[in-house]
Amino acid sequence: MAKLVQFPPKFLPKEWSIANQTSFANAEAQRSRSERLVAESQRLVDEIENTTQKTQKDVNKKLEQRLEEIQFWKKELDSKLEDTVNDIEQLLAYKVRLEKALESCMEPLSIAQQCLVEREKRVGIDLVHDEAERELIKEVEVIQGVIALLQRTLEEITEQIRLSRSAKYSLEKDLKDKFQALKIDNHCSTLTNNTPDIRYASNVVTVQGNSVIPVEWEDFSNTNIVKAEKQRNNSVAFRTLIDSILSETASDMRKQCDTVNVALKNRVAETKDAKN
């Protein structure tokens, strides 16, 4: 027996109207939600944009301040390095003076010793331990004392040169690091949102284990400057001392030489009188 054809269910006009109104209401709700989402998204975009611009301005300002700080310490280190280099050059010049002064003592010492040897050749009663001999012995002692003092001073100025060079090395190394930091921060200060090849890099905000705080960074350079200044002051004082030593030793040797000459002259006169 053939099946009867079943027609789809039919709705009442009221149901049709209700279905349309429901669709309209749902569509309006989705539209409103979309508008709110768009508005919220725009607000977040604007907020992030403002925050980003503010952060960039703050970073740019901090970079400028950082560059000023690096330039300040670089200038201080440059100045102190120049002073230290000049001090080392002067110390080297004083070392040469000491070496020449030490060398110049050898001939007078040899002459005084030779005089004593020659006077030992006197015969009989003329082999007298006279004033001339006493002054010659004193001259030898004076010159030997001067030689010992100059040798000790030469050792001390060599050590001072080593200390000054150590301070110079610390300044140069610090300056090299400052130059590198200045180069990097100068490059960073030129970067903008439109700079080519700008891309996100991961783990860049991680603080490295060997990082230091700004106070420690300043203290490091300040310590190098204080160290160099201390050695410079020591160098100035030491050069003044060397001037005094050279002057006094030369005066003592000249004075004793004159005394020996007078004693020898008097002894020659006495011997002539006795001979006549």
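Just so it is clear, the structure is predicted and the values come from calculations on it, not from any experiment.

Undergrad: How should the overall build of the protein be read in this particular structure?
TA: Check the secondary structure of the protein and you find 3 helices and 0 strands. Taken from the N to the C terminus, the helices and strands of the protein come in the order α-α-α. Taking the principal axes of its C-alpha atoms as reference, the protein extends roughly 185 × 45 × 30 Å. Counted over contacts in the protein with a minimum sequence separation of 6, partners at least 24 positions apart contribute 90%. Here the protein holds 42 positive side-chain charges and 47 negative ones, and the gap between their average locations is 7 Å.

Undergrad: Please clarify how the UniProt feature "coiled-coil region" (unreviewed entry) in the protein should be interpreted in this entry.
TA: The UniProt record annotates "coiled-coil region" (unreviewed entry) at residues 34-65. Regarding residues 34-65, the helix share stands at 100% and the strand share at 0%, and the terminal C-alpha atoms are separated by 46 Å.

Undergrad: Is there a simple way to explain the state of the cysteines in this structure?
TA: Among covalent bonds in proteins, the disulfide is the one between the sulfur atoms of two cysteines. As enumerated under the stated definition, the model contains 0 disulfides in all. Counting only cysteine sulfurs, Cys-257 is the nearest neighbor of Cys-115, a cysteine outside any disulfide, at a range of 9.5 Å.

Undergrad: Is there a simple way to explain the packing of helix H1 (residues 13-119) against helix H2 (residues 131-190) in this structure?
TA: Helix-helix packing is characterised by the crossing angle of the two axes and by the distance between the axes. The contact between H1 and H2 brings their axes to 6 Å, and the two run at 165°. Considering their axes alone, H1 and H2 lie roughly antiparallel with respect to each other. For the pair H1 and H2, the crossing hand works out as left-handed. Of the residues in the contact of H1 with H2, the class split is 38 nonpolar, 11 polar and 15 charged.

Undergrad: Just to check I follow, could you spell out the packing of aromatic side chains for this structure?
TA: Two numbers describe a pair of aromatic rings. These are the distance of the centres and the angle of the planes. Under the criterion given, the structure shown has 1 aromatic pair. Ring geometry for Phe-72 versus Trp-73: centroids 5.4 Å apart, planes at 75°, classification edge-to-face. Residue Phe-72 is classed as partly exposed on the basis of its relative accessible area of 45%. Given a relative accessible area of 12%, Trp-73 falls into the buried group. Positioned above the aromatic ring of Trp-217 is the side chain of Arg-66, whose terminal nitrogen or guanidinium carbon lies 3.9 Å from the ring centre. Of note, Arg-97 hangs over the ring of Tyr-94, and the distance from its end group to the ring centre comes to 5.0 Å.

Undergrad: When you look at the side chain of Glu-135 in this model, what are you seeing that I'm missing?
TA: Within the secondary structure, Glu-135 sits in helix H2. Although buried, Glu-135 forms no salt bridge, and the nearest oppositely charged side chain, Lys-138, lies 4.9 Å from it. Contact partners of Glu-135, with chain neighbours within four places excluded, come to Gln-256, Thr-259, Val-260 and Ala-263.

Undergrad: Before we go on, may I ask you to explain the packing of H1 against helix H3 (residues 214-275) in this structure?
TA: Interaxial distance between H1 and H3 falls to 9 Å at its minimum, and their mutual angle equals 20°. Taken together, the axes of H1 and H3 lie roughly parallel to each other. Between H1 and H3 the crossing geometry is left-handed. Residue classes in the contact of H1 with H3 are distributed as 17 nonpolar, 5 polar and 14 charged.

Undergrad: Help me out: how do you make sense of the nonpolar core in this one?
TA: In summary, soluble globular proteins display a tendency toward joint burial of nonpolar side chains. Leu-98, Cys-105, Leu-150, Ile-157 and Ile-242 are the most contacted members of the largest nonpolar core, which has 24 residues in total. Counting only elements with at least two residues in this core, the list comes to H1, H2 and H3. In terms of nonpolar packing, the next biggest core, distinct from the first, is built from 12 residues, Leu-81, Ala-167, Leu-171 and Ala-228 among them.

Undergrad: It is not clear to me how the pattern of salt bridges should be interpreted in this structure. Could you clarify?
TA: When their charged atoms lie close together, side chains carrying opposite charge are able to pair. For the coordinates displayed, the defined rule picks out 23 salt bridges. The closest approach of N and O atoms between Glu-131 and Arg-134, which form a salt bridge, is 2.7 Å. In this pair, Glu-131 and Arg-134 are both assigned in helix H2, 3 residues apart and thus about one turn of the helix distant. Accessibility expressed as a relative area gives 39% for Arg-134, which makes it partly exposed. For the salt bridge of Arg-254 with Asp-258, the shortest nitrogen-to-oxygen distance reads 3.9 Å. Of this pair, Arg-254 and Asp-258 both sit in helix H3, separated by 4 residues, roughly a single helical turn.

Undergrad: Just to check I follow, could you spell out the side chain of Gln-256 for this structure?
TA: Within the fold, Gln-256 resides in helix H3. When residues no more than four places from it in sequence are discounted, the contact partners of Gln-256 are Glu-135, Lys-138, Glu-139 and Val-142.

Undergrad: Explain the environment of Leu-12 here, please?
TA: Residue position: Leu-12 is located in the segment before H1. Overall, the relative accessible area of 55% leaves Leu-12 in the exposed class. When the C-alpha atoms of Leu-12 and Trp-217 are compared, they prove to be 85 Å apart, with 205 residues separating the residues in sequence.

Reading guide: rules and limits
Residues numbered from 1 in each chain as written. Predicted model: local features only at pLDDT ≥ 70, side-chain atom pairs only at ≥ 80, totals over all residues. Heavy atoms only, no water. Helix = DSSP H or I, 4+ residues; strand = E, 2+ residues; numbered from the N terminus. Contact = heavy atoms within 4.5 Å. Lys, Arg positive; Asp, Glu negative; His and termini not counted. Charge placed at Lys NZ, Arg CZ, Asp CG, Glu CD. UniProt positions renumbered as here; feature names shortened; annotations may be inferred. Disulfide = S-S within 2.5 Å. Axes fitted to C-alpha atoms, helices over the stretch in contact; angles between N-to-C directions. Parallel < 35°, antiparallel > 145°, perpendicular 65-115°, else oblique. Left-handed = near helix turned anticlockwise from the far one by under 90°. Nonpolar A, V, L, I, M, F, W, Y, C, P; charged D, E, K, R; others polar. Phe/Tyr/Trp six-rings, centres within 6.5 Å; stacked < 30°, edge-to-face > 60°. Buried < 20%, exposed > 50% of the residue type's maximum accessible area, 1.4 Å probe, protein only. Lys NZ or Arg CZ within 6 Å of the ring centre and 35° of its normal. Salt bridge = Lys/Arg side-chain N within 4 Å of Asp/Glu carboxyl O. Core = buried A, V, L, I, M, F, W, Y, C linked by side-chain atoms within 4.5 Å.

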